[in-house]
Amino acid sequence: MLEHTFCHIPGLGPKTERRLWQAGISCWDEWREPPPVSMKTACPTEIPALLASSRRALAADPAFFTGRLAASEHWRIFPHYRDAVAYLDIETTGLADDAEVTTIAVYDGDAVTTFVNGEDLDRFPAFIDRFRVLVTYNGKGFDVPFLERFFGIRLAQAQIDLRYVLARLGFKGGLKGCERGLGISRGALDGVDGYFAVLLWNEYRHTGDRRALHTLLAYNIEDTVNLERLAVEAYNRQVATTPFAAELSLEWPAPPPLPYSPDLDVIDRVRRKYRLDW
């Protein structure tokens, strides 16, 4: 999709892009002078140079595109850099300035890797550095700045924040709301949310019961793995509105083997302990 994209050109929006497609310029290599459609704000003489820069960026610079596209348009880079994507989600002790990361789950499309506070969190910065794109839900507003503050690092990867991509499609209400809207069920983890994840961590820390930790990791992993399904669904719905749907649509991803499962007894115990209803 990237080589069909023109709305990363300053002043050239999706409407003008569609007019270019209709006029026979469906990809960068078909650009011609003078352009066949009027452009009120983009400077046509600068476009060939920007397209040349775009071709060079294709190999290894996804941030070139995310830095020039609206957040709701970042879906366009997804297939091209899919082999360099990390689906990322974190759990924390809360939202305060002194809150800590409790667990992190990263999925690379093949395997899940987890990190746990007090065990191996220090491995995370070097591990995540191998990826060029982070796919999150509300990562721009929460996960990424939280991680940067907590570890004292900068995550310079390009980001696809599905909050903005899915909102453009009409799906809102947080990650769980988007999943429900798209027919994704969490099974035994239905009803478990970010607040419950804090309670699971507290249960583990106070009792040492690793079943509580494993249930928290199962929840964290579910968040992470579902990001790939949401990314593919969002991409396919967006590309379906273009002339390129037949050639560019992606197959539904197969779920990976999950290293942890939720413990129903632990969930029920924590729910009763804190008098939670759902």
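Presented here is a report on the structure given in the accompanying data block. From a predicted model like this one, the values you see are computed outputs, not experimental measurements. (Residues numbered from 1 in each chain as written. Predicted model: local features only at pLDDT ≥ 70, side-chain atom pairs only at ≥ 80, totals over all residues. Heavy atoms only, no water.)

**Looking at the overall build of the chain**
Defined as follows: Only DSSP runs of H or I covering at least 4 residues are called helices, and only runs of E covering at least 2 are called strands; the numbering of each starts at the N terminus. Between buried and exposed lies partly exposed: a residue is buried under 20% and exposed over 50% of the maximum accessible area for its type, with that area taken using a 1.4 Å probe on protein chains only. To be clear on the numbers: accessible area is Shrake-Rupley with a 1.4 Å probe, and residue cover counts the displayed protein chains and nothing else. This count recognises Lys and Arg as positive and Asp and Glu as negative, with His and chain-terminal groups excluded. In plain terms, the charge of a residue is placed at NZ if it is Lys, CZ if Arg, CG if Asp and CD if Glu.
Helix and strand counts for the chain come out as 11 helices and five strands. For the C-alpha atoms alone, the extent of the chain along its principal axes is close to 70 × 35 × 30 Å. Within the chain, buried positions represent 51% of all 278 residues. On the chain, roughly 13,100 Å² of surface is accessible, and the fraction owed to carbon and sulfur atoms is 48%. Across the chain, the mean location of the 32 positive side-chain charges is 5 Å away from that of the 38 negative side-chain charges.

**What about the packing of helix α7 (residues 174-181) against helix α9 (residues 210-239)?**
Defined as follows: Geometry is summarised by axes, namely lines fitted to C-alpha atoms with helices restricted to the contacting stretch, and by angles between N-to-C directions that run from 0 to 180 degrees. When describing relative orientation, an angle under 35 degrees is termed roughly parallel and one over 145 degrees roughly antiparallel, while 65 to 115 degrees is termed roughly perpendicular and anything else oblique. The crossing is said to be left-handed when, going from far helix to near helix, the turn is anticlockwise and less than a right angle, and right-handed when the turn is clockwise. Contact criterion: two residues are considered in contact whenever any of their non-hydrogen atoms come within 4.5 Å of each other. Side-chain classes are defined by residue name, with Ala, Val, Leu, Ile, Met, Phe, Trp, Tyr, Cys and Pro counting as nonpolar, Asp, Glu, Lys and Arg as charged, and the others, Gly among them, as polar.
Where α7 meets α9, the axes come as close as 11 Å, and the angle between the chain directions of the two elements is 50°. Overall, the two elements α7 and α9 adopt an arrangement that is oblique. α7 and α9 meet at a crossing whose hand is left-handed. Side by side, α7 and α9 meet where Leu175, Lys176 and Glu179 of the first sit next to Tyr219, Asp223, Asn226, Leu227 and Leu230 of the second. The class makeup of the residues in the contact of α7 with α9 is four nonpolar, one polar and three charged.

**Structural notes on the sheet that holds strand β1 (residues 85-92)**
Going by this rule: Between any two strands, at least two bridges found by DSSP are needed for them to pair.
With mixed pairing, five strands are arranged side by side in an open sheet as β3-β2-β1-β4-β5. Edge positions in the sheet fall to β3 (112-116) and β5 (158-161), since each of these pairs with one other strand and no more. Strand-to-strand twist of the sheet, defined as the mean angle between neighbouring strand axes without regard to direction, takes the value 25°. Summarising the sheet, β1 and strand β4 (residues 133-136) pair through three bridges and their orientation is parallel. The residue of β4 that forms the bridge with Ala86 is Leu134.

**What to know about the nonpolar core**
Test applied: Working definition of a nonpolar core: buried Ala, Val, Leu, Ile, Met, Phe, Trp, Tyr and Cys residues. They are joined through side-chain atoms within 4.5 Å.
Ranked by internal contacts, the top residues of the largest apolar core, which has 54 residues, are Phe6, Phe65, Val135, Leu162 and Leu166. Residues contacting Val135, with those up to four places away along its chain left out, are Val85, Ala86, Tyr87, Leu88, Ile160, Leu162, Leu227 and Ala231.

**Description of the layout of surface pockets**
So the rule is basically this: Here a cavity means grid points, on a 1 Å grid over the protein atoms only, where a 1.4 Å probe fits yet cannot get out; a pocket means an open set of points with protein on both sides within 12 Å along at least five of seven lines; lining residues are those with an atom within 4 Å of a point. Grid points are joined across faces, edges and corners, and a volume is the space filled by probe spheres set on the points.
Computed from the structure, the largest pocket encloses a volume of approximately 470 Å³. Forming the walls of the largest pocket are 21 residues, and the residues nearest its centre are Asp89, Phe142, Lys176, Gly194 and Tyr219. Taken together, the elements giving at least two residues each to the lining of the largest pocket come down to β1, α5 (139-151), α7, α8 (194-207) and α9. Tallied by class, residues from the lining of the largest pocket come to eight nonpolar, seven polar and six charged. What the second largest pocket holds in volume is close to 160 Å³. Around the second largest pocket sit Pro14, Glu17, Arg18, Trp21, Glu73, Trp75, Arg76, Arg168, Leu169, Gln238, Thr241 and Thr242, which together line it. With four residues, helix α1 (residues 14-22) is the single largest residue contributor to the lining of the second largest pocket. For the lining of the second largest pocket, the residue count by class is four nonpolar, three polar and five charged.

**As for the pairing of β1**
In terms of burial, β1 is a largely internal element, eight of the eight residues being buried. Residues Val85, Tyr87, Asp89 and Glu91 line one face of β1 and the alternating positions Ala86, Leu88, Ile90 and Thr92 line the opposite face, and both faces are buried. As paired strands, β1 and strand β2 (residues 101-107) are joined by six bridges and run antiparallel to one another. Bridge pairing links Asp89 to Ala105 in β2.

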